[in-house]
Each structure stands twice: as C-alpha cells, then as structure tokens.
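# Remarks on the overall topology
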Amino acid sequence: MRAGQSPRGSELRRMEGSRLNTGQLLLVISTVILIITVVLPVAMIVYNVFFYKWSFDWSLFASMLTDPDNLAAMWNTVKISFFVTTLGTVVGLFFAWLIGRSDIPLKGLMKSLFVIPYMFPPFIGAMAWGLLLAPRSGYINKMFMALTGGRTPLFNINTLAGIVFVELCYYFPFVFIQVSGALERMDPTLEESARIAGANQMTVIRRITMPLVVPAIAAGAMLILISSLSHFGVPAILGFSNGIFTLPTKIYELIYRASGSFEGIRRGASLSILLVAVVVLALALQRRVLRAGRYDIIRGKSMRPMLIKLRGWKVPLLLVCFVFLVITVILPLCTIFGVGFLKAYGVPMKLANMTLNNFKYVLFESKMARDSIRNSFFLSITSAVITMLVGTMIAYVIVKIQPRGKGVLEVLGILPYSIPGIVLAVGVILTWSGAFYLNLYNTIWIILIAYIARYMAFSMKSASASLEQVHDSLEEASRTCGASHFESLLDVTLPLIRPGMVAGFFLIFLPAMRELTTSLLLYGPFTRTMGVAIYSINEEGYTVQACALAGVAIIIIVLGELLLRFVTRERRGQ
Amino acid sequence: MAEVRLDRITVQYGEKTAIGDFSLHVRDGECLTLLGPSPCGKTTVLRAIAGLAKLASGEVTIGSRVVASKDRRIFIPPEKRNVGVVFQDYAVWPHMTVEANVLYPLKKRKVPRKEAKEQVDDVLRQVRMGDYAARMPFQLSGGQQQRVALARALVASQDVVLLDEPLTNLDANLREEMRFEIKRLQNETGITVIYVTHDQDIALVISDRIALMDKTGSIRQLGAPEELCKNPQDSFVYRFLGLSNFIPVEIVDGEMRVRSGAKSIPFPYPMPSGMGDGPFYAACRPMDITLSREAADGRAQAGTGPGAGGALEGLVTRVIYLGNIYEYRVQVGDSEIRVQQDSFEAFKQGVFREGQVCALGIENIRYYRDMEEVS
C-alpha cells in the first residue's frame, strides 16, 4: 500500500476540476520559462545553421565540416578530453582511495585541500601556469634556463600537453569528490568479509572495493568529460598564442574575428552543432561502456571502514600528496598573488619590487575593473535568486504535481547542462538580438538570460533533492486542516525546503562569479564580468593588473565558499 | 458529529482500480474500523472521504453534504470538507512547535486568537501533551508525535476524524496505551471516527463496528467486534481475526474423518449440518484445544485410531515456551495442529514433551467449505 504513495499524492493536485488551479498554473509558467530560456536558443541555432531565408540550406554546415581547421579543432578537443578524463579519473581515484581507505595522516586537512582546485577558476589557473611555464618568459623556465645555461625551456605550457595538464589539475576533484563520498558510505563489512574469506589486500581492492565504486567513478568521469569537452578558458589562454584551437575556442574565434557579423555567428553556430554532437556522442559512449554492473550496496550512513596500513609507504605517499597539492593549489595561488603585487611583469619576485598599486588600480581607479566586479555581483545574485526560485518551482511541478508531461520538463531543465556554455551563448545571441523584436545585445540582460538557462539544472537538482525529503503527507495534512493548495505551499513546503534553497543559491552564485565562457561572447562595452575583465586585461598584456583582479576574484569566491559551508553546516546541526 | 456515506464509489490510480463499487455507511458518532490485509484499498477509502483521492464513480456524503459525486460533478477540495486526518507517518510539521501545529487548523478557519488558544490548550490536555506545547517535533518520541497529530485532527474537525494506521509505527507498550487513549477521546467527544488498520487486535479494542475487507477491496463482514468473533461468516473472516487451525475433514460412510494420506482418522465431533458430501474444514482456535494424557496412555503409536475414550489423538512434535503461554504443535494424520495452553495450566497439568502422544479436546469448532488465504 505504501508503494503507491507518491502517485496518489499527485492525484490530489492533478484533479481539482476544470478551473485553472495552483498546480496547473505552476505547470504552465514552468513550461513557458523553459521554452523561452532553453528551447528557443537551441532551436535558433539549428534554424540558423540549416535554413537560409526560410529554405533548407545544408551548404554552410557542409563547408564548415570539411574545413581542415575545424577538423583539427575537433580532433584537439577529443584528444584533450580523452587525456583529461582518463588521467583525471586515475588521479582522483588514487587520492580518494588514499584518504578514504588508508591510514595516511592529516586526512581532514587534505580532504579540504583537495577540494580547493574545484573552486579555483581554471582560466585563472591557466594564467598562473602561463606565467610560470611560458616557453621564454615563464618564471620556472627562466630559472631553469639560468641554471642550465641553455636556451631550451623546461616545459612549454602552450601545447596540448600543457592544456591537458592544467585542465587535469582542476577537474580531477570531480572524481575525487564522488568516489570519496561512495567510499565513506560503503558498508565496510563487505570488504571485511572478503578478508575473512581469505582474500588478500590487493584482491579486496581489485575485486570488492573497485567494482562497488564503479558508479561513482562513472559519474565523476562523466562530469570531467562533459566539462573538458566544452571547456573554453584554459585552451583559450594557453592555446591561442600557439595556434592551438579546440571547438569552443574555434567558435569564439570565428565570431570574434567576424566582429559580431551575422555570417560569423552563423559559422560559429555550425561549429556549435558539431560540438554538441561530440558531447552527445561521448555521453552515449560512456553510458554504453558503463552500463554493466550497478550496485546498490552503498548505504546512506557512514561507518568506520577498515584502514589499510601503509607502513613504509606512509611518508613517500604523504609527500606525493603534498607535492601534488603544492603544484595544483599553492603554486598557482602564490603566482597570481605574487604577480599581482609586482610593479611590472618579468621583474624578479623580490620584496623591493612589490607594490599595492595594482590592487588599488583594479579596486579604485579602473572603471572597467570596478564595473566588472559590480556586474559580476549583480549578475550572480540576480541569476542565483531567479534561477533558484524558478528551479524550485519546476522541481515542485516535477516531484510533487507529476503532470503527464513531466519527463519533457525534466529533460528541458537538464538540457543546458550538457550544452557547452559557448554554444548556449551563441543561441542566446541568435535569439535575443532582434530575432523576436527584442534586442538585448550589449546589455546586461542578455548575460542574465544566458546565466539563468545555464544554471537551471543546478537549481532543479538541488531543489528536487530537498523536495523529495518532504513527504506528501505533510502537505496533505495541511489541506485537511483547511489550507488551500497555495497556502499549504507557503506554510509547509517552502519553509521546509528553505535551507535547501539557500544552498541552491550559493551553488549558482559561486560558479556565476567565476563565469567566463558565456559572458565572453555576450559582453558589451559596459557589461564586462569579472572573468571577462581578467581575460581581456590579460590579453591586452597588462599582466600584473589582470593578476590583481584575479586575486580579488579568488578572495570573493573563497569567502562565498566558506559562507556556503557555514550555511550548510548550520542546517546539518539542527 | 456526522455520518459518512459512501455510495458505490470507485477509485482508480491510472489503470489500476484501488477500490471498486464500494459502499459503506458510517453512523453518526461511532468508531468504525476498516480492517483488512494490505493492500486492500482501505487507505484509499479514507483518502476518498478526505478528498485526497478522486472518484471514478460514486458519491461521498458527509453529514448532509455531498462532498464528492462523479455524476453530479461535485468535488469539494479537502480543505473545505471539515474532516480531520491522522496520517500513518503522523505528518506533524517539523518546522512548527507542537502548539503551532495544533493551532494551524484554527488559524485557517480564522478563529479569534484567544478562543483558538483556549481550544488548543484544551485538546493538548486531552491528549496529555499540555506540558509539551512549546516543543519542536524532533524533540518528541513517536508516541508523542502521534498524539500531536491526533490533537491536530481533533481541532480540525468536530465531525469526522480519519485515522490511517496511526499505531503501526509505535512499540508494543505504547500501541496498547494509545488504543485506549483513542477510544477514550472518542467516547468523550462523541466524534465519528473511521479507523484504518490491518491489526485485528487494535480493531477489536477500539471499534464499535468493524468492516472486514478482503484483498479485492470488498467488505466480507460488517458488524460489532463480538459479532465478528462469534459468527465469522466465512473462512476468510475466521482466519483474519486470530490464530486458527483448519483441519481437513470429510464425511465417509456417515462418519466424519480427518483427511489424511495414509489412513483416515475419525473426527469424533457432532457432524455439521449443510456440509453435504465432499471435503471441508473444521476450524478452531489454538486456545480452544485442550491436551490430555489419559486417553493416550499405553499406546505406542499415535494417530492410528481413536483413543480409548474415542478422543482425537496426536503426536506432540514441538513445544515452544512463550512466557505466559505454552504452544504445542501436534501432528494428527497429515496435518499439524497448533495448540496453546496457559502456562499456569500447563505447569499444573505437567508440560508435554516432544514425542509424547496426547489426546485433543476441541471446543467451538466451526466448519468451512474452504480455507481462504488472508495475506
């Protein structure tokens, strides 16, 4: 009788007569919002690529597809993603296992340190690595050449390998976080019984632990794959100067070079379709490969697992962890702040060469930099509030009202998640620069619309999770107590999911603060975001100022991240 | 106070019919229990009354008001039906204090604050939660939360309160206490109570009448608890209301015998009328069987024929001590019979051991043509 609980709950909300009730109203609004923000941009891309003056025209797409430059970009994208995904999975898995299942010391500290790269905007990391390992001017390369007396640099970061390395540094936490979580929730008796049955340590890892965390690995690897396929910042900063393009950077270059002409945008749109096709293909492939073997032995509560003694390996492995952390976190961080304090790029990092002027410049003097900070705050807060509210509403419709077409809503909400930011930006340009009698181009509103579409999936996901915790009977109880559907929503459901909504706000606010890809195609003279400002100041060669602004961005993001932790911890404490 | 009438209602979830053509008349001020194995649609009946499920056909009337009718296109939403509901999981709102939970229905009905406060104090005292008014639900035990839910339902309606298995999640002691509590409250307020459960013990204690439903969702027997126990209409009712033995018997040559593969054993009791030829069952409760040694004395082999006194004989195969009760499993022919004996009696008489032969004395035998599954 309990199994039928949730369809029964939905029954109530679905039925109430023919007049437009609260449930139907929410459904209609949700659908309209998703169509405007999600369906329209995608439809506009497809239309503009394949139709010219209302008739089908395959020629543009065909010519784009056969252009060797584009094919090279596609091949680069595939190569980079493949290596980032494989290596990132291995690295993430290794550290997750080390921290989750071995007796390595300083676990708490390391756990929080390993998540830092996750918050670090990858394009700022790429900037830092460029400053360290650019073939001639990079600090490390210069030091290396001075030491050896030669003219060959230690490592050229402006290569495919360099791009893979930097993306790897910032994407491995996807697997790390997923697998650590799974290891924590896994019932340790499963491993213990294997030991009792006579299996040795390695066999347990190979035959028990690994298969059980496969779903977690798959989820993490999938995130890395999608992210690196559609990633723009790192290849843009490290690849442009050396003529290395990926599909996202190629799309940007096409549109940028055509300085916003319609033809350029159409060409960009064609490549966008190609990029989406690659992403979809990758997803399908991954799903196929990992279809076998799903386990549900991972439980919700955490237990104390049996820890593997590292003995003689303890110190070397600890060292590996610290070296890795220094490379991924501390070195780039010090570089950004160090260079941000320098009087000019290239001078040695000595106290005598330090100044506060760059920070003074970006915070008080440069109107562009100050505007960008203000714009980023405005956009992040506004989009986070709107997206959180709308996402909660759509999640409510999907989880609680369960109308006939809820599957469509679900797909529409998650769609932008698998559409690369750069593609979404192209779609938004095509939709909102006059195609429907409304030209938002060069205004901040076009960026806002893009952000809302981009982060809808985040908010829907977090809102669905909290709504599923609210049992149907709580709302039914208030109905039988004399409250209308709308009153029940206000008095019971909303207060109960409020903590989830606050967390959802930060889940959008933080990535929006460090957003680069979408804004870079959409910004106008007065609507630069922080990411755009850092990127363009850096491109113009004002390296020290760019680093100072990047430093400011990092501080804001870290503060936001701390606030989020504080908020979610408070909720757990209750 | 109000009567509730269900007139040939049908409720469907998608393609599945949860309740079909179901009629029931709940009298004003009575406590009626919908009893049946899960799932039999008893919760659905409750939801149809509360307005939480939609009718595919039929009519629901509360008091003199038709609250749902498919034919007349009436559907009064739950908030306007004036029905209190206690949900199986209590559904006490976790973000409100006990007082705020109970006050909520009055607030929605716009009862003046002072009057509402008095009413809440009253009802909280009634459910013995007066000292907990300022607590949050997570500070309460399951039983206390259940009482808050009950108080809220009582405040929500003075006419009808619907309870959906509210005691299932409580431990045994609390369950016992709460069933008397509910009965007491119903007596004091005279409210109409419709109670849903699959637990016949609770049903027997709190009900004025019981409607026993089978798995298809139809009512097998409707009546006072005593009536159901004394005159179970069929084997389903008999089996559902308590532990039972169904001994397969048949009439051979004008004599009733226990059906058994190898040899048939005489069943030395008066023959029932109206059973005619063919196999049927003799039903009895474990507590209505007495075991004795006398008749079986001196016999090595059990189950081979009538004992010295013509009593039914069996072999004790298992002895289980349940504290206040001794339970025996006795083999008679091919069938195993459950016998329960008060421990005190058993000690007085001498406890049987496994492998001993005994004579069975059965009282209150009822005869049924079939032995229906109840779950």
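All figures in this text were calculated on a predicted structure; none of them were measured in a lab.

### What to know about the overall build of chain A
Helix and strand counts for chain A stand at 24 helices and 2 strands. Its C-alpha atoms give chain A a radius of gyration of 25 Å, near enough to 25 Å, the size a compact globule of 574 residues would have. Referenced to the eigenvectors of the C-alpha coordinate spread, the extents of chain A come out at roughly 85 × 75 × 50 Å. Long-range pairs, those at least 24 residues apart, make up 78% of the contacts in chain A between residues at least 6 apart in sequence.

### A closer look at the overall build of chain B
Broken down by element type, chain B carries 9 helices and 21 strands. Seen along its three principal axes, the alpha-carbon backbone of chain B occupies a region of about 80 × 50 × 30 Å. Within the span of chain B, comprising 375 residues, buried residues form 41% of the whole. For chain B, contacts bridging at least 24 residues in sequence account for 65% of all contacts bridging at least 6.

### Considering the sheet that holds strand S1 (residues 4-13) of chain B
Residues and elements named next belong to chain B. Strand order across the open sheet formed by 5 strands is S2-S1-S4-S5-S6, with antiparallel pairing between neighbours. Two strands close off the open sheet at either side, each with one partner strand: strand S2 (16-26) and strand S6 (74-75). For strand S4 (residues 57-62) and strand S5 (residues 65-69), the ladder comprises 4 bridges, and the chain directions are antiparallel. Paired with Ile62 across the bridge in S5 is Arg65.

### Quick word on unusual backbone geometry
With an omega dihedral of -5°, the bond running from B:Ser38 to B:Pro39 counts as a cis peptide bond. Following the sequence through the fold, B:Pro39 ends up in the loop between strand S3 (31-35) and helix H1 (42-50). A positive phi angle, close to 60°, is found at A:Leu106, a residue other than glycine. Looking at the secondary structure, you find A:Leu106 in the loop between helix H4 (68-101) and helix H5 (107-119). Taking the number of C-beta atoms within 10 Å as the measure of exposure, A:Leu106 has 12 and is therefore exposed.

### Points about the packing of helix H16 (residues 367-401) of chain A against helix H17 (residues 406-418) of chain A
Residue and element names in this part refer to chain A. The N-to-C vectors of H16 and H17 enclose an angle of 145°; their axes lie 9 Å apart at closest approach. Pair H16 / H17 crosses with left-handed handedness. Residues Ile394, Val397 and Ile398 of H16 pack against Lys406, Leu409, Glu410 and Gly413 of H17. Partitioning the contact of H16 with H17 into residue classes produces 4 nonpolar, 1 polar and 2 charged.

### A closer look at the interface of chain A and chain B
Taken together, the 24 residues of chain A in the interface contact 29 residues of chain B. At the level of elements, helix H1 (5-15), helix H20 (472-480) and helix H21 (485-513) of chain A are the ones that each hand at least two residues to the side of chain A that touches chain B.

### Looking at the pairing of S1(B)
All names here are of chain B. With 7 bridges connecting them, S1 and S2 associate as antiparallel partners. Bridge assignment links Val4 to a residue of S2, and that residue is Val26. If you look at the hairpin formed by S1 and S2, you'll find 2 residues sitting between the two strands, and Gly14 has a positive phi there, around 65°. Of the pairings in the sheet, the one linking S1 to S4 comprises 5 bridges and is antiparallel in character. What sits directly across from Leu6, in S4, is Val60.

### So, the environment of A:Ala182
Residues and elements named next belong to chain A. Tracing the chain through its elements places Ala182 in helix H8 (residues 160-185). C-beta crowding within 10 Å serves as the criterion here: with 21 such atoms nearby, Ala182 is assigned to the buried category. Sequence separation of Ala182 and Pro215 is 33 residues, and the distance between their C-alpha atoms is 8.9 Å.

### Examining the environment of B:Leu243
Residue and element names in this part refer to chain B. The residue Leu243 is located in the loop between helix H8 (235-240) and strand S12 (245-252) in this model. The class for Leu243 is exposed, based on 11 C-beta atoms found within 10 Å. Here the alpha-carbon distance between Leu243 and Arg285, two residues 42 residues apart in the chain, equals 6.1 Å. Here Leu243 is in contact with Arg285, Pro286 and Arg338, once residues within four sequence places are set aside.

### Notes on helix H3 (residues 113-126) of chain B
Quick reminder: α-helices carry 3.6 residues per turn. Residues three or four places apart thus point the same way. All names here are of chain B. Helix length check: H3 (14 residues) gives 20 Å between terminal C-alpha atoms against 20 Å at 1.5 Å per residue, within 8%. Within H3, the full set of buried residues consists of Val120, Val123 and Leu124. Projection of H3 onto a plane perpendicular to its axis shows the buried side chains occupying an angular sector of 100°, all on one side. When the buried face of H3 is taken as reference, the exposed residues oriented beyond 90 degrees from it are Lys114, Glu115 and Glu118. Tucked into the core, H3 has its buried residues touching helix H2 (98-108) and helix H4 (142-156). Following H3 by one or two positions, Arg128 adopts a phi angle in the positive range, close to 60°.

### Some words on the confidence of the model for chain A
Close reading of the predicted structure is inappropriate where its pLDDT is low. Residues and elements named next belong to chain A. When pLDDT is averaged along chain A, the result is 84, and 92% of the positions lie at 70 or above. Taken element by element, chain A is modelled with least confidence in H1, mean pLDDT 43, and with most confidence in H20, mean pLDDT 92. Taken together, the stretch residues 1-19 has pLDDT below 50 and engages in 33 contacts with residues farther than four places along the chain or on a different chain.

### Structural notes on helix H23 (residues 530-539) of chain A
All names here are of chain A. Counting buried residues along H23, 8 of its 10 residues qualify, which places the element largely inside the surrounding structure. Looking only at H23, the buried set comprises Met530, Gly531, Val532, Ala533, Ile534, Tyr535, Ile537 and Asn538. Just past H23, the residue Gly541 takes up positive phi, approximately 95°.

### Re the nonpolar core
Of all hydrophobic cores here, the largest spans 152 residues; its most connected members are A:Ile124, A:Val426, A:Ala450, A:Ile534, A:Leu549 and A:Ala550. Considering every element that reaches this core, the biggest residue donor is H8(A), with 16 residues. In this structure, A:Ile534 is in contact with A:Ile124, A:Ala546, A:Leu549, A:Ala550 and A:Ala553, ignoring residues within four places of it in sequence. A:Val492, B:Met129, B:Ile202 and B:Met256 belong to the second-largest nonpolar core, a separate cluster that totals 109 residues.

### Brief notes about the pairing of strand S20 (residues 357-362) of chain B
Residue and element names in this part refer to chain B. Of all the 6 residues making up S20, 5 are buried; the element is thus mostly covered by neighbouring parts of the structure. Across 4 bridges, strand S16 (residues 289-292) lies against S20 in antiparallel orientation. In the strand pairing of S20, Thr290 is matched with Gly361. Inspection of the sheet shows strand S17 (residues 312-321) paired to S20 by 4 bridges, in the antiparallel sense. Bridging from a neighbouring strand, Glu313 pairs with Ala359 of S20.

### With respect to the sheet that holds S17(B)
Residues and elements named next belong to chain B. One open sheet holds the 5 strands; their spatial order is S16-S20-S17-S18-S19, and the pairing between them is antiparallel. Each edge of the sheet is formed by a strand with only one pairing partner; in this case those strands are S16 and strand S19 (335-342). Within this sheet the neighbouring strands show an average axis-to-axis angle of 45°, counted without direction. Here 6 bridges tie S17 to strand S18 (residues 325-332), and the two strands are oriented antiparallel to one another. Paired with Leu315 across the bridge in S18 is Gln331.

### Some remarks on the environment of A:Ile265
Of note, A:Ile265 is situated in helix H13 (residues 262-289). Separated by 164 residues in the primary sequence, A:Ile265 and A:Ile429 have C-alpha atoms spaced 8.4 Å apart.

### As for the confidence of the model for chain B
Residue and element names in this part refer to chain B. Across chain B, the average pLDDT comes to 86, with 95% of residues at or above 70. Low confidence marks residues 296-308, where pLDDT is under 50. Its contacts with residues over four positions away, or in another chain, come to 24 contacts. Complex prediction metrics read pTM 0.79 and ipTM 0.81.

Reading the values: rules and limits
- Here the residue index of a chain counts from 1 through its sequence in written order.
- As they are written, the chains are lettered A onward and the ligands numbered 1 onward, keeping that order.
- For a predicted model such as this one, the threshold for reporting local features is a pLDDT of at least 70, and the threshold for listing and counting side-chain atom pairs is 80 or more; totals across whole chains, interfaces and linings nevertheless cover every residue.
- Secondary structure elements are taken from DSSP: a helix is a run of H or I of four residues or more, a strand is a run of E of two residues or more, and numbering for both begins at the N terminus.
- Note that the radius of gyration is over C-alpha atoms, with the globule rule given as 2.2 Å times the number of residues to the power 0.38.
- Think of it this way: build a C-beta for each residue from its backbone, and any pair within 7 Å is a contact.
- Every C-beta atom is placed from the backbone, and the number of other C-beta atoms within 10 Å of a residue's own sets its class: buried at 20 or more, exposed at 12 or fewer, partly exposed in between.
- A pair of strands is considered paired only if DSSP assigns at least 2 bridges between the two.
- For helices, the fitted axis covers only the stretch in contact; all axes are lines through C-alpha atoms, and the angles between them, taken along N-to-C directions, range from 0 to 180 degrees.
- Crossings are sorted by hand: turned counterclockwise from the far helix by less than a right angle, the near helix makes the crossing left-handed, and turned clockwise it makes it right-handed.
- Note that Gly is not counted as nonpolar here; it falls among the polar residues with everything else outside the nonpolar set of Ala, Val, Leu, Ile, Met, Phe, Trp, Tyr, Cys and Pro and the charged set of Asp, Glu, Lys and Arg.
- To estimate how far a helix should reach, multiply one less than its number of residues by 1.5 Å.
- The directions considered for the arc are those from the helix axis to the C-beta atoms.
- Per residue, pLDDT measures the predictor's confidence, with a range of 0 to 100.
- The term nonpolar core refers to a set of buried Ala, Val, Leu, Ile, Met, Phe, Trp, Tyr and Cys residues connected through C-beta atoms within 7 Å.

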